Amino acid sequence: LSSSTALEGKGQLKFTSGRWSPHHNCTQIATANDTTVRGWDTRSMRQIYCIENAHGQLVRDLDFNPNKQYYLASCGDDCKVKFWDTRNVTEPVKTLEEHSHWVWNVRYNHSHDQLILTGSSDSRVILSNMVSISSEPFGHMVDDDELSDQEDQHQEEKIKEPLQDSVIATYEEHEDSVYAVEWSSADPWLFASLSYDGRLVINRVPRALKYHILL
Amino acid sequence: GSGAGGSSEAAAGGTGGGGWRRPHGPLQRYYGPSAAEAAEAAPDPTDINEPHFDPEAFMNKVRSECPLGQLLAREAALGREIRALDSDMQTLLYENYNKFISATDTIRKMKVDFRYMEAEMDDLAANMAAISASSARVSAALQDRHRRGAQLAGVQALLRKLQALVEVPGRLRRWAGTEPVRALRCYARARAVLRHYRHLPSFRAIEDESHAIMAELAQRLRTRLREETLDPKELTECVEMLLQLEEPPEELSEEFLSQAGARLEAELAALEAELPTSDASGAATTPPPTSDILDFVDRGSSAFVGTLCQLASSYRTLFGADTGRLEPFAATLATRYFELLERRLALERGLGDTSLLVRALDRFHRRLQALLELLPAGAAAAATLVARAARERVDRYLRALQTFFLGCLGDVRQALAAPRPPGKEGPGLPDLLATLATSVLGQLKAVLAYVQLFTARDVAFASLPYFKGEFCVTAVREGLVVAFVRWLCRTARGFADGPAERGAPAAPPALLLLLARLCLDYESSTISYILTLTDEQFPPQDSGPPVTPGPALGAEARAAAQRLLDHYVQVQGAAVAQMLRKSVETRDWLGTVEPRNVRAVMKRVVEDITAIDVQVGQLFEEGVRRAQSSDSSRRAFSVYSSSRAPSRYAPSYTPSAPMDTHLLSNIQKLFSERIDIFSPVEFNKVSVLTGIIKISLKTLLECVRLRTLGRFGLQQVQVDGHYLQLYLWRFASDERVVQGLLDEVAASAAHRCLDPVPMEHSVVELICERG
């Protein structure tokens, strides 16, 4: 135990979840207690930011965006997934309301941060494409001097607008609440989900989307 | 004998017969209507009174038909008649005899008189000839003298004129001070002659002198013109006189206009003095106007517009139809007047008296008509002014409606939150809803009635094309009615969307329910009613701007109602779920004792759900519930006690080990429908209650899954579950939903239990009945 700090306040306060921030050289940690999300600096053990009333009821899980420094996703018992910019915590940047019961897990894809996976106790796993708040809102950009003349013309024809956020797929193979979802660390296009009835389902990102992102 | 006598008598009777027997016979024949009848009737030769009487035929007929006694009677009658006729004839003759005699005498006398008169006439003719001859002689004799007399008369007239001319300067001098009009007239008359005879020195002298006097007069008039206290009439007179004095008209017209301008500016300044001015900081420095807008417009119209019209018409009469200078002059002043009026209108802050405003605008418009022939462009400006004022007023009404609605909502909230004295029922939700709806509708109708004043038929500007078309559609229908309905839906929705997120004090659930019902009612009936009413009072044009159709508004209202109801379900569900969650989290499930009774929190849950049922039942209808089977309320958990009661889904399994049970439950799940917990509810009671129950039971399920239970913990869960199932099935639309969820709870509890030994079913029932 290298250092500790306690949360002050009335009543029985419990931390429900915590996450290391992958940026900032491992000095930041975010925790969730009841309906608040707090960010802590481990060097001084002080609170950096505090997102009050992140969700109407309990906050179940957090995840940091691996590619963008200040972005954080949280999910909770109000069936919503919210994306926050920790520099401005008064308003969520985006809110997803696709589930019809508590969202237990939210996970960013480790390499392509527009792919978001959420699992919920309504027995569904939803894969969403949050392009507008990802690190590559305009798709894969290539430097001009790397292109040959033919590809140059193709590049001009491409439409330079941000793609639309959308739900890519809803996976309904589970019969009971899904309590955990995770991306594979070996293959960035593979993910697994686990439900209460002991079912483990492994899925892939649809091929069309995969090629669209890669190319 | 008798035949011959009879025939002569008959002949005499025939000739005189027409007279006595039927005195009006000839008259009848003359006047004709019976002529036809007479013509139709066959001439009967045996009828004594007919012209075709034939005595032979008559005698034959009578002889053959009548008996002797009758014949004798007939003869006697005939004789009597003949005698009567004779005597009548004699009487007539004697009566009229005198008259014949006197007529003859008169004629004789007339002849004599006429002979006498003829002689007299001849005499008269002779005399007349004599007279005319002598008159000709007389006039010939006097001819010469007559000529000389006329000549002298002419000379005298000339001398008189000369004298008048000579006196002109004297007269001018006398009148120039006091009666310039007479002087002018005199001068005008003299001027032409003087000019003509200018070459004669004496005339020249006269002319110069009078000219000098008139110049002096002109000078005086000019100075008078520049005075400020002239009224338009005097001004006109002055200018008229100056024109008569042959001053250059352009100069005069400019002078006229500037004077008139000064006058009108004074009027406008007086009007402006009424308006409160504001200094640099924007605060009013003079007190607000004490007169109302009608007075203001009156004053403005009569003073300013009247004066302007007067001056304009005088200008026209004086300077002809050349309006080159007049129009811009009038235009600038009119613009300033409009500005002042706008400022005054802007001061009409309150909703005071719309009829007053309408009358004021009407008067303004009417009085302006006279001016508008001068300023064709002014018509547009005036119309815009009126239109803007009307629009302003409509907007204000909209805002007032909004405030009113918020006030009503505040009242409702207070009524809901007021502490009730014990023993007295609180205000029923249907009553509150009815009051709210009727008051809002009433207010809307009142506002429409006020606004209709703008398009009343006796108002002058109502015939402007703006008011007929665009006002009705854009301002009233869209701007007032549709905007209000939309705002109402938005505000209602705001109760659902807004506060709960921020943690601000949320609306009480009863309010959400009330608003949901209100929006639903709006969608079903009120919106169409309001729109028809508006269309009746303000008929839309066919070619006008597009209107929002009723169904579109209805859809918005329905969406708001849906959102509110969903939010209500969420809020109530969250309240119940919180209780259950706390109860699961705070209890020590491992070390608990054998359950003797149902936990208090379950009873509380059932009470709460019953209360919600009552509350929702006040406003929404029952809804459709799936038919229950006979053993529905006595069902035990299928998973565990499948040895006792037959399981509904799996037909023939008799599981003995937990492993099989697990498989069984999975297979059961394959067949049952997946339950969506937070799905949109329908607008009836069972749907709402089902939603709330689903949320609560699912929370219970998830919380139970997070704890580790001991044996008695499991039994307690079992007891609680059975109790809930006993009481909650009747609220749900489909009891299988409740059953399924409770089965899940029991199954999950069993999985989490260290020592899963369920309680006997009869004992469970006993405890539940007792509790």
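Model, not experiment: these values are computed from the prediction.

Each value, and the rule that gives it
- Residue positions are counted from 1 within each chain, in the order its sequence is given.
- The lettering of chains begins at A and the numbering of ligands begins at 1, in the order of writing.
- The predicted origin of the model limits local features to residues at a pLDDT of at least 70 and limits the giving and counting of side-chain atom pairs to 80 or more, whereas totals for whole chains, interfaces and linings rest on all residues.
- Only hydrogens and water are removed before side-chain values are computed, so all heavy atoms of the structure are retained for them.
- Strands are runs of DSSP state E lasting at least 2 residues, helices are runs of H or I lasting at least 4, and numbering of each runs from the N terminus.
- Whether two residues touch is decided by their heavy atoms; if any such pair falls within 4.5 Å, the residues are in contact.
- Accessibility throughout is a Shrake-Rupley quantity obtained with a 1.4 Å probe, and a residue counts as covered only by protein chains that appear here.
- Using a 1.4 Å probe on the protein chains alone, a residue whose accessible area is under 20% of its type maximum counts as buried, one over 50% counts as exposed, and one in between counts as partly exposed.
- Paired rings are identified among Phe, Tyr and Trp, the last through its six-membered ring, by centres lying within 6.5 Å, and are further divided according to the angle between planes into stacked (under 30 degrees), edge-to-face (over 60) and tilted (the rest).
- Here, a charge over a ring is recorded when the distance from Lys NZ or Arg CZ to the ring centre is within 6 Å and its angle to the ring normal is within 35 degrees.
- Looking at any residue, its pLDDT shows the predictor's confidence there, from 0 to 100.
- Each pair of strands is called paired provided DSSP finds at least two bridges between the two strands.
- The axes used here are C-alpha line fits, helices contributing only the stretch in contact, and every angle between their N-to-C directions lies in the interval 0 to 180 degrees.
- A pairing counts as a salt bridge when a side-chain nitrogen of Lys or Arg comes within 4 Å of a carboxyl oxygen of Asp or Glu.
- Here, a disulfide means two cysteine sulfur atoms that sit within 2.5 Å of each other.

### What to know about the overall build of chain A
Along the backbone of chain A there are two helices and 15 strands. Partitioning the intrachain contacts of chain A with sequence separation of at least 6 by distance along the chain shows that 46% fall at a separation of at least 24. Summing over all exposed atoms, chain A offers an accessible surface of approximately 11200 Å²; the carbon and sulfur share of this is 47%.

### Let's talk about the overall build of chain B
Looking only at helices and strands, one finds 24 helices and zero strands in chain B. Here chain B holds 771 residues, and 40% of them are scored as buried. Restricting the contact set of chain B to residue pairs at least 6 apart, pairs at least 24 apart contribute 80%.

### Description of the packing of aromatic side chains
A full pass over the atoms with the stated rule returns twelve aromatic pairs over all chains. Note on Y397 of chain B and Y450 of chain B: the rings are 5.8 Å apart at their centroids and 5° apart in plane angle, and the pair reads as stacked. Linking Y397 of chain B in helix α13 (residues 376–417) with Y450 of chain B in helix α14 (residues 429–452), this pair joins segments that are 53 residues apart in sequence. Exposure remark for Y397 of chain B: the relative accessible area of 4% places this residue in the buried category. Grouping aromatic residues by their ring pairs yields a cluster made of W102, W104, Y179 and Y196 of chain A. In this arrangement the basic side chain of R517 of chain B is found over the ring face of F620 of chain B, its NZ or CZ atom lying 5.0 Å from the centre. Sitting above the plane of the F712 of chain B ring, R711 of chain B keeps its charged end 5.6 Å from the centroid.

### Things to note about the side chain of R599 of chain B
Residue and element names in this part refer to chain B. Among the secondary structure elements, R599 is positioned in the loop between α18 (550–586) and α19 (600–619). A relative accessible area of 8% means that R599 is categorised as buried. Among residues more than four places away in sequence, those in contact with R599 are S583, R587, W589, Q716 and D720.

### Examining the confidence of the model for chain B
Residue and element names in this part refer to chain B. When pLDDT is averaged along chain B, the result is 76, and 78% of the positions lie at 70 or above. Ranking the helices and strands of chain B by mean pLDDT puts helix α5 (residues 68–178) first, with 88, and helix α1 (residues 2–20) last, with 47. Predicted confidence for residues 1–19 stays below pLDDT 50, and this span has nine contacts to residues more than four positions away or in other chains. Confidence drops under a pLDDT of 50 for residues 500–504, and excluding neighbours within four residues, the segment shows eight contacts in the predicted structure. Overall fold confidence for the complex sits at a pTM of 0.66, while the interface term, ipTM, reaches 0.80.

### Looking at the sheet that holds strand β10 (residues 115–120) of chain A
Residues and elements named next belong to chain A. Read from one edge of the open sheet, four strands run β9-β10-β11-β12, paired in antiparallel fashion. Both outer strands of the open sheet, β9 (103–108) and β12 (166–171), are each paired with one neighbouring strand and no more. Neighbour to neighbour, the strand axes of the sheet diverge by 20° on average, direction disregarded. Of the strand pairs in this sheet, β9 and β10 are connected by five bridges, and their pairing is antiparallel. Counterpart to V103 in the pairing with β10 is S120.

### Remarks on the confidence of the model for chain A
All names here are of chain A. A residue-level look at chain A finds 85% of positions with pLDDT of 70 or above and a mean pLDDT of 81. Predicted confidence in chain A is weakest over helix α1 (residues 149–157), with a mean pLDDT of 49, and strongest over strand β14 (residues 190–195), with 92. Counted against residues more than four places away or in other chains, residues 150–157, with its pLDDT under 50, gives four contacts.

### Focus on the pairing of strand β6 (residues 71–76) of chain A
Residue and element names in this part refer to chain A. Counting buried positions along β6 yields six of six residues, so the element is predominantly enclosed. Burial along β6 is two-sided: Y71, A73 and C75 and L72, S74 and G76, pointing in opposite directions, are all buried. Direction of pairing for strand β5 (residues 59–64) relative to β6: antiparallel, over a ladder of five bridges. The residue bridging L62 from the neighbouring strand is S74, located in β6. Between β5 and β6, which pair antiparallel and follow one another directly, the connecting turn spans six residues.

### A few points about the sheet that holds strand β8 (residues 94–96) of chain A
Residues and elements named next belong to chain A. Taken together, the four strands give an open sheet; going across it, the order is β5-β6-β7-β8, and neighbouring strands pair in antiparallel fashion. The open sheet terminates on both sides in strands that have one partner only, identified here as β5 and β8. The mean inter-strand angle of the sheet, taken between neighbouring strand axes irrespective of direction, is 20°.

### Some words on the pattern of salt bridges
Going through the model one piece at a time under the given rule, you end up with 26 salt bridges over all chains. Measuring nitrogen to oxygen at the nearest pair gives 2.9 Å for the salt bridge that ties D61 of chain A to R107 of chain A. With D61 of chain A in strand β5 and R107 of chain A in strand β9, this residue pair connects regions lying 46 residues apart in the sequence. R107 of chain A shares its class with D61 of chain A; the two are buried. Put simply, R599 of chain B and D720 of chain B hold a salt bridge, and the shortest N to O gap is 2.8 Å. Of this pair, R599 of chain B sits in the loop between α18 and α19 while D720 of chain B sits in helix α22 (residues 711–728); the two residues are 121 residues apart in sequence, bridging distant segments of the chain. The two residues R599 of chain B and D720 of chain B agree in class, both being buried.

### Here's the deal with the state of the cysteines
All chains considered together, the criterion is met by zero disulfides over all chains. Considering cysteine sulfurs only, C519 of chain B is the nearest to C489 of chain B, which forms no disulfide, with 5.1 Å between them.

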